[in-house]
Each structure stands twice: as C-alpha cells, then as structure tokens.
Amino acid sequence: MGQGGGHIPMFTEEKMNNLRIRKLTPKECWRLMGFDDEDFEKASEVNSNTQLYKQAGNSIVVNVLYRILENLIDKEEHIRILELFGGIGACSKALERLGIDYEIADYVEIDKYAVKSFNAMHDTKFKPQDICEWDKDIEVDLIMHGSPCQDFSLAGKQAGGDEGSGTRSSLMYETIRIVEKLKPKYVIWENVKNVISKKHKHNFDNYLERMEELGYTNYYQVLNAKDYGIPQNRERVFTISIKNDLEKGFIFTPKQELQLKLKDMLDDNVDEKYYLDHKWLNDIRYNNNTVCETRYDEGIRTFKNNICGSLRTIDACGNKCVIQIKNATKQGYLEATEGDGIDISSRMQYHRGNVQKDSIQTITTSGGNDRGVVVKNKIDLSCLD
C-alpha cells in the first residue's frame, strides 16, 4: 500500500468503490408513499414524470392510513367512502389493503392529472370536481380529506386558513359544510404538523370545535411515516372524528420499529439522467472532496473528485466511505454514506436535517428534484489506465 506522497494507490476491483448521488425516481417516490408498483405503472401510462412526482408529494402515506383504519373500522363493515381532495386515493388503497368491503361513493379532486391517475388505478371514470361547488345528496360512512396544506406549511408563505380568507388551506371549512350535510360515521383529516403551531392553531381548534358541535368526538396525533413502516421522515397531523351515537372510542397505533431502509425501496438500475451532474454536485457538497472514515494505517484520507468525473472514494481497508454535504450547522456539513437520503433542493444548505440516515426527508411535490440518495457503484478500472 502506498504511504505518503498523496498519490492514489492501485487496488483490486473488489477494494475500489465509488459513491454517487442521484435523484429518487417517480416510482421510488410512490413506493415511499406506500403505493404498490402496480399502481404506479397504471398511473405512469396516463401521466408525465412531473405529474407523478407531484402526486406522490401531495399524497397521504398509505401505511399510516392503514394503521388508523385498522383501529377505526371493523372488517365486517361495508364502507361507503367520500374522498375529498382525493389525490391518488391513499385512503381507498388502505381500505383495499385491509380487505375491507368498501365502495367509492364519490371522489372530489380538481386536479385533472390526479384524476387521471386515480381512474387508471381504480378503474373508475370520475371527472375533476370543485369542492366549493360540490353539493350532492349521497350516503357515506367515511369522509377522508387531506385539505390543501400550502398556507399552513413552513415551506409556504404562511397565509393561513381562516374561514372566508380565500386561501387554499381555508378549503378545510368546505369539508365541515359537507360533514354537516351528510353526517358520516367517521371523518379523517390529514394536514401538515405546522397546522398546530401557535400561528395556525386557532384554525385547528376551530375545526375541532365545529366538529364537536356537529356531534363528533375528536382524536388527533402527530404521526411520522417512519414509525409505520416507511423510511421517510414525514410528520403529519391526523384527526379522527367519530359520531357520538356510535359510542365508539379510538386509540392510535403505537410506534413500530422501522424494518426497512431507504435502499430497500430503491431500484438497482436507473437511467443515467437521474444522476446529479457536476454543477449540481458542487452546489450541495461542502467541498470538492469525498472522505473515507478513519483508516487503521493512515487515519482520515481525502481524495479529489477527479476520477472518471464522478464522486469517488477508495477504501482499501473495508471502512465506510462518506461524502460531506453542506449543512446549516457550525461544522458546515454532514456526512452521508450509501443509502442515506439527501436534500438536494436549491435551499438545502440552509436546512439542518439535509442528510437522513437510511431514510429520506419528506417527499415534496418536486420529488426527485428535491430528494436524492447516495448510492454505491463499482469503478470502471479502465479509467485509471
């Protein structure tokens, strides 16, 4: 083994690896929302990758709804569901996975592209509908609504959701109007964690009070997808409202130890277009180096990123290789290794949690343009000739 001199020694192929950063693919984003590949394939036949990313980011994690519905609905019940702000139908997918006998009484979604995916997945023929104009007389047992979160979200402009304000998030009050009309047994509301922050909690409390006035008992909790089988750090507030005359309570499922890692959700071979180019890499790396962790013979060694034009680390001792990623901490970077999720958005250097060990940050509507992963490839040894 070479000592000193700063040159890169020649190792066998088994001892040479490279770390690369790539975007998550649309299919991987759908998996990280709990959807089956079969669902994705059907949706991909009618929509572009841009829309598929958006639909994943806007959806509710199927696994979380599965655990809620498992504790809420008896398997012997026949459930007529009304999905408001229905997206790609996470709730109906969770019911299907539970084996509950259900029918979609109606589906209300204004985004025509989401409607196309929903229809492809459910073999239905729904058309886009504006919730503000929806006023049907139908029988429903369950209303699921994930009303728009943009004006509550920290990523938005914090416009809020006051009733009558005209913001997208104020559409939550349309659900209350529909609940008052249809009086379902159960109502599930999902929204971002920031809806219970000091700035917005008056709207959250108002929702609870209005539901109580309509004869419902409410239960709410912040749930994270990573506690329910999905390696994604995605916190959302879930509010379960149960009609009082059912004389039925509700308990949220305890957190579960995560068994899957992010790399378990990834495809082995993806198109080269998903790998970050040099400009993008330079924007997110702390410097132009990659770093191998402490080695017994030389301590930490750093190699310039100039082998085959890719992120390269050579680890002759079998130690874990890492990449330094910009981070809004005093140190200025976090270390990422194979299987770690990375925030690759344009503002990532201002975020603190931009490296997630063995998992991914919250999937956004930009999908792979905001979320990346560190993967390992073998070096093409011909580049060292």
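Shown above is the structure to which this text applies.
Let me sum up the structure you'll find in this document. For clarity, every value in this text was computed on a predicted model and none was experimentally measured.

**Details of the overall build of the protein chain**
And then number 1: In terms of helices and strands, the protein chain carries nine helices and 17 strands.
And then number 2: Buried residues in the protein chain amount to 53% of all 385 residues.
And then number 3: At a minimum sequence separation of 6, the contacts of the protein chain that also span at least 24 residues come to 68%.

**Re the sheet that holds strand S6 (residues 216-224)**
And then number 1: One open sheet holds the six strands; their spatial order is S3-S2-S4-S5-S8-S6, and the pairing between them is mixed. Two strands lie at the open edges of the sheet, namely strand S3 (101-108) and S6, each paired on one side alone. Mean inter-strand twist for the sheet, computed between neighbouring axes without regard to direction, equals 20°.
And then number 2: Inspection of the sheet shows strand S2 (residues 78-84) paired to strand S4 (residues 142-145) by four bridges, in the parallel sense. Paired with Glu 83 across the two strands is Met 144, which belongs to S4.
And then number 3: Contacts from helix H4 (residues 62-72) reach S4, strand S5 (186-192), S6 and strand S8 (235-243), with the element oriented near 20° to S8.
And then number 4: Relative to S3, helix H6 (residues 112-122) is tilted by about 160°, and along the sheet it contacts S2 and S3.

**What about empty space enclosed by the protein?**
And then number 1: With the rule as written, the count across this model stands at one cavity of 30 Å³ or more.
And then number 2: Approximately 50 Å³ is the volume found for the largest cavity.
And then number 3: When residues of the lining of the largest cavity are traced back to their parent elements, those giving at least two are S6 and S8.
And then number 4: Residue composition of the lining of the largest cavity, grouped by class: six nonpolar, one polar and three charged.

**Quick look at the packing of helix H2 (residues 37-44) against H6**
And then number 1: Closest axis-to-axis distance for the H2/H6 pair is 8 Å, and the angle between their directions is 125°. The orientation of H2 with respect to H6, classified from their angle, is oblique. Where H2 crosses over H6, the handedness of that crossing is right-handed. Of the residues in H6, those touching H2 at Asp 39, Lys 42 and Ala 43 are Ser 117, Ala 120 and Met 121.
And then number 2: Looking at side-chain class alone, the contact of H2 with H6 contains three nonpolar, one polar and two charged residues.

**Looking at unusual backbone geometry**
And then number 1: The backbone phi angle of Phe 85 is positive, close to 50°, even though this residue is not glycine.
And then number 2: Counting through the fold element by element, Phe 85 comes out in the loop between S2 and helix H5 (90-98).
And then number 3: Here Phe 85 falls in the buried class, since its relative accessible area comes to 17%.
And then number 4: Of note in this structure, Asp 123 is not a glycine but carries a positive phi near 55°.

Criteria and thresholds
- Residues numbered from 1 in each chain as written.
- Predicted model: local features only at pLDDT ≥ 70, side-chain atom pairs only at ≥ 80, totals over all residues.
- Heavy atoms only, no water.
- Helix = DSSP H or I, 4+ residues; strand = E, 2+ residues; numbered from the N terminus.
- Buried < 20%, exposed > 50% of the residue type's maximum accessible area, 1.4 Å probe, protein only.
- Contact = heavy atoms within 4.5 Å.
- Pairing = 2+ DSSP bridges.
- Axes fitted to C-alpha atoms, helices over the stretch in contact; angles between N-to-C directions.
- 1 Å grid on protein atoms, 1.4 Å probe; cavity = no way out; pocket = protein on both sides within 12 Å on 5 of 7 lines; lining within 4 Å.
- Points joined across faces, edges and corners; volume = space filled by probe spheres on them.
- Nonpolar A, V, L, I, M, F, W, Y, C, P; charged D, E, K, R; others polar.
- Parallel < 35°, antiparallel > 145°, perpendicular 65-115°, else oblique.
- Left-handed = near helix turned anticlockwise from the far one by under 90°.

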